[in-house]
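The residues making up each chain are set out below.
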Amino acid sequence: MTRFLFLSARPEVEALGPEFAAMQRACGLAGDEFVLHRLDEAPLDPGVLDEFTGVVTGGSPFNVTTPQAEKSSVQLRVESDLRRAAEWALDGSHPAFFTCYGIGVLTELLGGTVDTEHGEDAGAVVVSLTAAAASDPLTAGFPAEFNALVGHHESTGRLPAGATLLGSSAGCPVQLYRIGSVVATQFHPEVTTQEFADRSRVYRAHGYFPESEYELVVERMRRASVTEPQKLLGRFVDLARR
């Protein structure tokens, strides 16, 4: 049986449970096929990684761009473990899918830059695929443009050497890239619009949108049509199983 490890970097329990459920559904995995590890609660044993076919990471209110001296001990450990997971994937050609906060950790690890020049308020944006995406096994056959859900203070400023850009949005030049066996998205691929609206309630005071506009933001999310990002996770799992 193939199994995948979900690495959570989200301390808020009320958001973590729905995130895990959304990831599991989008990946098309059931029961013991998808295993949760909360990085905020326990360090990652490197030996555990070899028990899994691949790794998926979730989002977090942590920011890579926070000065090192201001990061909590939990955040420092979480970032160290995410880097270890990325190295495991790249060194052994193991499939891994890094999302949101994870893309920042991956980018910094590989020598790219992460900055706050292209943050996006919580909501739906249009992701445009690049010419390279047409031949990438993850994105081949996908529409040239599709809606995706975002909400982030920071993003990749300069791609790591050797990375292939697969998708961009008007407000954020790096939305999706591949490097070896690892793919990474700035957007949240797992959630439905309703799930993202529910998550926004948890983070309404975290600066992802003006808190006074919460109801308007949620209503715009609910009206958006977001169908393709979840398919990326399903395809990722299918490719990993092969």
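Bear in mind that the values here come from a model prediction, so they are computed numbers and not experimental data.

## Comments concerning the overall build of the protein
Of the regular secondary structure elements, the protein holds six helices and eleven strands. For the protein, the C-alpha atoms occupy an extent of roughly 45 × 40 × 35 Å along the three principal directions. Of the contacts made within the protein by residues no fewer than 6 positions apart, 74% connect residues no fewer than 24 positions apart. As displayed, the protein has an accessible area near 9800 Å², and 50% of this comes from carbon and sulfur atoms. In the protein, 20 positive and 32 negative side-chain charges are present, and the distance between their average locations comes to 4 Å.

## Let's talk about the environment of S168
Structurally, the position occupied by S168 is in strand β9 (residues 164-169). The sequence separation of S168 and V125 amounts to 43 residues, and the corresponding C-alpha distance is 9.9 Å. Not counting the four nearest positions on each side in its chain, S168 is found in contact with V126, V127, S128, P173 and Q175. One polar contact links the side chain of S168 to the main-chain carbonyl oxygen of P173, over a distance of 2.5 Å.

## A few points about the packing of aromatic side chains
Taken as a whole, this structure holds nine aromatic pairs when the rule is applied. With a centroid separation of 5.7 Å and 35° between ring planes, the pair formed by F6 and F34 is classed as tilted. You can see F6 sitting in strand β1 (residues 4-8) and its partner F34 sitting in strand β2 (residues 34-38), a full 28 residues away along the chain. Comparing F6 with F34, the two get one shared label, buried. Ring centres of Y203 and Y208 lie 6.3 Å apart, and the angle between their planes is 90°; on these two criteria the pair is classed as edge-to-face. An aromatic cluster is defined as three or more aromatic residues linked by ring pairs; in this entry it consists of F4, F97 and F236. Taking the ring centre of Y214 as reference, the NZ or CZ of R204 above it sits at 3.9 Å.

## Observations concerning the pattern of salt bridges
The tally for this structure, following the rule as stated, stands at 13 salt bridges. D136 is the partner of R178 in a salt bridge, and the nearest nitrogen-oxygen pair spans 2.6 Å. One end of the pair, R178, is in strand β10 (residues 172-179); the other, D136, is in the loop between β6 (120-129) and β7 (145-152), and 42 residues separate them in sequence. Given the relative accessible area of 18%, R178 is considered buried. Owing to a relative accessible area of 8%, D136 belongs among the buried residues under this scheme. A salt bridge links R223 to E219; its shortest N-O distance comes to 3.7 Å. You can see R223 and its partner E219 sitting in helix α5 (residues 214-223), four residues apart, about one turn around the helix. What makes E219 partly exposed here is its relative accessible area of 36%.

## A short note on unusual backbone geometry
Even without a glycine there, the phi angle at S93 is positive, about 55°. Residue placement: S93 occurs in the loop between α2 (73-92) and β4 (96-99). Assessed through its relative accessible area of 58%, S93 is described here as exposed.

## A closer look at helix α4 (residues 193-202)
Within the sequence span of α4, burial applies to T193, F196, A197, R199 and S200. The buried residues of α4 occupy an angular sector of 160° when the element is viewed end-on, so they sit on one face.

## What to know about the environment of T192
As for its placement among the helices and strands, T192 is situated in the loop between β11 (182-185) and α4. Residues T192 and G28, 164 residues apart in the sequence, show an inter-C-alpha distance of 15 Å.

## Examining the state of the cysteines
Inspection of every chain in the model, using the stated rule, returns zero disulfides. Among the cysteines around C27, which has no disulfide bond, C100 carries the closest sulfur, lying 16 Å off. For C27, a relative accessible area of 4% corresponds to the buried category.

Rules used in this analysis
Residues numbered from 1 in each chain as written. Predicted model: local features only at pLDDT ≥ 70, side-chain atom pairs only at ≥ 80, totals over all residues. Heavy atoms only, no water. Helix = DSSP H or I, 4+ residues; strand = E, 2+ residues; numbered from the N terminus. Contact = heavy atoms within 4.5 Å. Areas by Shrake-Rupley, 256 points an atom, 1.4 Å probe, with all protein chains shown as cover. Lys, Arg positive; Asp, Glu negative; His and termini not counted. Charge placed at Lys NZ, Arg CZ, Asp CG, Glu CD. Polar contact = N/O pair within 3.5 Å; in protein donor to acceptor, adjacent residues only side chain to side chain. Phe/Tyr/Trp six-rings, centres within 6.5 Å; stacked < 30°, edge-to-face > 60°. Buried < 20%, exposed > 50% of the residue type's maximum accessible area, 1.4 Å probe, protein only. Lys NZ or Arg CZ within 6 Å of the ring centre and 35° of its normal. Salt bridge = Lys/Arg side-chain N within 4 Å of Asp/Glu carboxyl O. Arc of directions from axis to C-beta. Disulfide = S-S within 2.5 Å.

In short, the description is geometric, and any link to function would need to be established separately.
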